[in-house]
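So you can see what is in the structure, the chains are spelled out below.
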Amino acid sequence: MNKKLRILIAKPGLDGHDRGAKYVARALKDAGYEVIYTGIRQSPEAIAQTAIQEDVDFVGLSLLSGAHNELFPRVVQLLREKQASDIIVFGGGVIPESDMPFLKEQGIAAIFTPGTSIAAIIEFIEANRPRVSH
Amino acid sequence: MPKSTELIKKQQQWENSTLKKVLDRNPERKAEFTTGSWLPAERVALPRITTDEEYLNKLGFPGEYPFTRGVQATMYRGRFWTMRQYAGFGTAEESNSRYKYLLSQGQTGLSIAFDLPTQIGYDSDDARSLGEVGKVGVAIDTLKDMEILFDGIPLDKVSTSMTINAPAAILLAMYLAVAEKQGVSKGQLNGTIQNDILKEYIARGTYIFPPKPSLRLITNIFEYCSREVPKWNTISISGYHIREAGSTAIQEVAFTLADGIAYVQAALNAGLDLDSFADRLSFFFNAHNDLLEEVAKFRAARRMWAKIMKEKFGATNPKTMMLRFHTQTAGSTLTAQQPDNNIVRVTIQTLAAVFGGTQSLHTNSRDEALALPSEESVRIALRTQQIVAYESGVTNTVDPLAGSYYVEDLTDKIEAGVWQYLEQIEKLGGMVAAIETGFIQKEIQEAAYRYQQEIENGQRIVVGVNQFVIPEEPPSHLLKVDAELQRIQIAKLAKVKSERNQEAVKQKLAAIRQAALSPDQNLMPPILDAVREYATLGEICNVLRDVFGEYQESIVL
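Just so it is clear, the structure is predicted and the values come from calculations on it, not from any experiment.

Q: So what exactly am I meant to see when it comes to the overall build of chain B here?
A: Along the backbone of chain B there are 22 helices and 10 strands. Whereas a compact globule of 557 residues would reach a radius of gyration of roughly 24 Å, chain B reaches 24 Å, a difference of no more than 12%. With the C-alpha coordinates of chain B rotated into their principal frame, the extents come out at 85 × 60 × 45 Å. In chain B, buried positions account for 50% of the 557 residues. The long-range fraction of contacts in chain B, counting pairs at least 24 apart against all pairs at least 6 apart in sequence, stands at 78%.

Q: Please explain the interface of chain B and chain A as it appears in this structure.
A: For an interface, size is often stated in terms of accessible area lost upon the parts coming together. The interface is formed by 32 residues belonging to chain B together with 29 residues belonging to chain A. If one sorts the elements of the side of chain B that touches chain A by residue count, helix H18 (residues 439-456) of chain B sits on top with five residues. Among the residues making up the side of chain B that touches chain A, the classes are represented as 18 nonpolar, eight polar and six charged.

Q: How do you make sense of the environment of Ile118 of chain A when you look at a structure like this?
A: Relative to the assigned elements, Ile118 of chain A resides in helix H5 (residues 118-127). Sequence spacing of Ile118 of chain A and Tyr23 of chain A is 95 residues, and the spatial spacing of their C-alpha atoms is 9.1 Å. In contact with Ile118 of chain A, other than residues within four places in its own chain, are Val24 and Ala27 of chain A together with Glu456 of chain B.

Q: Sorry, what's going on with the sheet that holds strand E9 (residues 325-329) of chain B here?
A: The pairing of strands in a sheet comes from backbone hydrogen bonds and takes either a parallel or an antiparallel form. Strands sit in the order E1-E10-E9-E8-E7 (chain B) across an open sheet of five strands; the sheet is parallel. Unpaired on one side and paired on the other, strand E1 (82-83) and strand E7 (235-238) of chain B mark the two borders of the sheet.

Q: How do you make sense of the sheet that holds strand E1 (residues 6-10) of chain A when you look at a structure like this?
A: Residues and elements named next belong to chain A. Taken in spatial order, the five strands line up as E2-E1-E3-E4-E5 in an open sheet, and their pairing is parallel. A single partner strand is all that each edge strand has here, and the edge strands are strand E2 (34-37) and strand E5 (110-112). The mean angle between the axes of side-by-side strands here comes to 20 degrees, regardless of whether they run parallel or antiparallel. Pairing geometry for strand E4 (residues 88-93) and E5, over three bridges, is parallel. Paired with Gly91 across the strands is Ile111, a residue of E5. Against the sheet, helix H1 (residues 19-30) touches E1, E2, strand E3 (58-63) and E4, its axis set at about 160 degrees to E2.

Q: Help me understand the pairing of E1 of chain A, please; the structure alone is not making it clear to me.
A: Looking down a regular strand, the side chains alternate between one sheet face and the other. Residues and elements named next belong to chain A. The element E1 is largely enclosed, with a buried count of four among its five residues. Summarising the sheet, E1 and E3 pair through four bridges and their orientation is parallel. Considered in E3, the bridge of Ala10 is made with Leu61.

Q: How should I be thinking about the packing of helix H14 (residues 341-355) of chain B against helix H15 (residues 375-390) of chain B in this particular structure?
A: Helix-helix packing is described using two parameters, namely the angle between the two axes and the distance between the axes. Residue and element names in this part refer to chain B. At a minimum axis distance of 10 Å, the contact between H14 and H15 shows a crossing angle of 45 degrees. The pairing of H14 with H15 is recorded here as oblique in orientation. Crossing angle aside, the handedness with which H14 passes H15 is right-handed. On H15, the residues that touch Ile343, Val346, Thr347, Thr350, Leu351 and Val354 of H14 are Ile380, Ala381, Thr384, Gln385 and Val388. Across the contact of H14 with H15, the residue classes break down as seven nonpolar, four polar and no charged.

Here is what the cut-offs are and how they apply
- Residues numbered from 1 in each chain as written.
- Chains lettered and ligands numbered in written order.
- Predicted model: local features only at pLDDT ≥ 70, side-chain atom pairs only at ≥ 80, totals over all residues.
- Helix = DSSP H or I, 4+ residues; strand = E, 2+ residues; numbered from the N terminus.
- Rg over C-alpha atoms; globule rule 2.2 N^0.38 Å.
- Buried ≥ 20, exposed ≤ 12 C-beta atoms within 10 Å, placed from the backbone.
- Contact = placed C-beta atoms within 7 Å.
- Nonpolar A, V, L, I, M, F, W, Y, C, P; charged D, E, K, R; others polar.
- Pairing = 2+ DSSP bridges.
- Axes fitted to C-alpha atoms, helices over the stretch in contact; angles between N-to-C directions.
- Parallel < 35°, antiparallel > 145°, perpendicular 65-115°, else oblique.
- Left-handed = near helix turned anticlockwise from the far one by under 90°.

Laid out in structure tokens, this is it:
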């Protein structure tokens, strides 16, 4: 029997564009995952703390303001500092292709840009299931 | 409104003969046709209006109640809409040169985009501003930045729209202070502040204070401007972001008008006279892809606001019954895939706004699903408006789609749907209560979810995304805001802070606190005093946060 994976969808930074985050949260919930959504305007510290408290397997970060290079790596770094580097962090939003190598290098496992289908996100989660269900 | 019985009979005959034969041979592409917002689309619409009396009640003449056909008698035969591209990024210097460029290209009004820290009342050196400074708009910390932003732009010659909500009073005060320095009197100033906090709780997210003190700030601005800045549009009641969050066309109008009702009510409760402020209210709508539904939406909104002002609030001045609005094309319809296709989408949306009788328009740039727009993309977007204005011919007559059986039918359907929502919201105790309980957010989310599901399952085609897909190279020439910018802006702020009169700043901030604690006092004069002394946006907002508290989002999923 597969373990029910837990996913935190979070909005770091100050932008209020939460249509995508809410859609992904609900669609993942409908697909059978346990999903927690933080609401907008969360600090990286608050996100890392929630991720650990809620014992999640994945954190999905959504940001459309352009602050991803500063804020996404910060979440990964905080999780590492708190010995929670087993939590897989992915991201989405208006993120230029040219920033992706940097974000990957900083430990963001995947970036989903506008137009991504929910099936692609589920595929990513399932492909990483062996890494988190130990 | 019923069609004539004779016509209904003829229609049935047609359905049983001509139509039936065709359908028997060739079924239609779909079992059910709807608009983009799921209103039933009639196969063949028929006249709804059969008498002159009905015509006068529902449509009338442009520039007259109920303003269905437009707020001016001659509309674009008199003057085109204001072409107003929303812009701003980086430092005040960079944005200033973009504004000068846009004005040199024939743009007729400015529209200022502020960065998120400015919109949420944090200075650039605040920890919460990390990574956000100068990203989605220009960073403004003090009057100094505002002076640079409008350097060489005579404020008596341009009209300026500022997308600012929670701290609107502060940015307006800074604008007034810049005008003072330019020797321009307040009475000469033209422009708009968005100042619409309710939709921030619903959809846009840049709130600071809870609803009650926020509404007080808004009525303070109404009152102050009616005396001091009479030509200023004191609010832009916005459906745009509600639609971007995924609402239907009906929800966009319903929630916007409900917000408008809440503002009027709040101002009346504060003792303001209706005619002193209500003619300065303006609106802001979205122009989405379903061209004819959108045209109907604008017309329905205009007709309904006139009715609401007249019948609910007892307005007697026609100016207070007019729904004047700005439009922006729908950012959420733009695709990152095959981005040049967005030019075509924006053209259709531009036509919707123009057929709908907009007073001003921002056209989105093709690359906005990828990054902030480049200069070339912004120029194409502006040219799109100019081509519609100067070449298409649709501006030669007022309200050209009036009398289209289909458009009139949709106008009625939207109106009916909106009234239903307005009644429901009233039953819930008004708009503030409906937001606080999450009802509004839930309604929008349901629509947004349905829309996205339709894209996922292919029921709704998005060209280049779920059909007609091609392999693509990553786009080049995207605008990138320099990561160094935050450091530069923080250094500028530190310099201003070290050069100002600290004692005066302290006194002026204390005066704001005093005024905030006395509900009968207008906050505009003390805020203006403080910005003149170069008090920062963050300092002023912190005083108000201290007195008013902060809003907590009610998360609905």
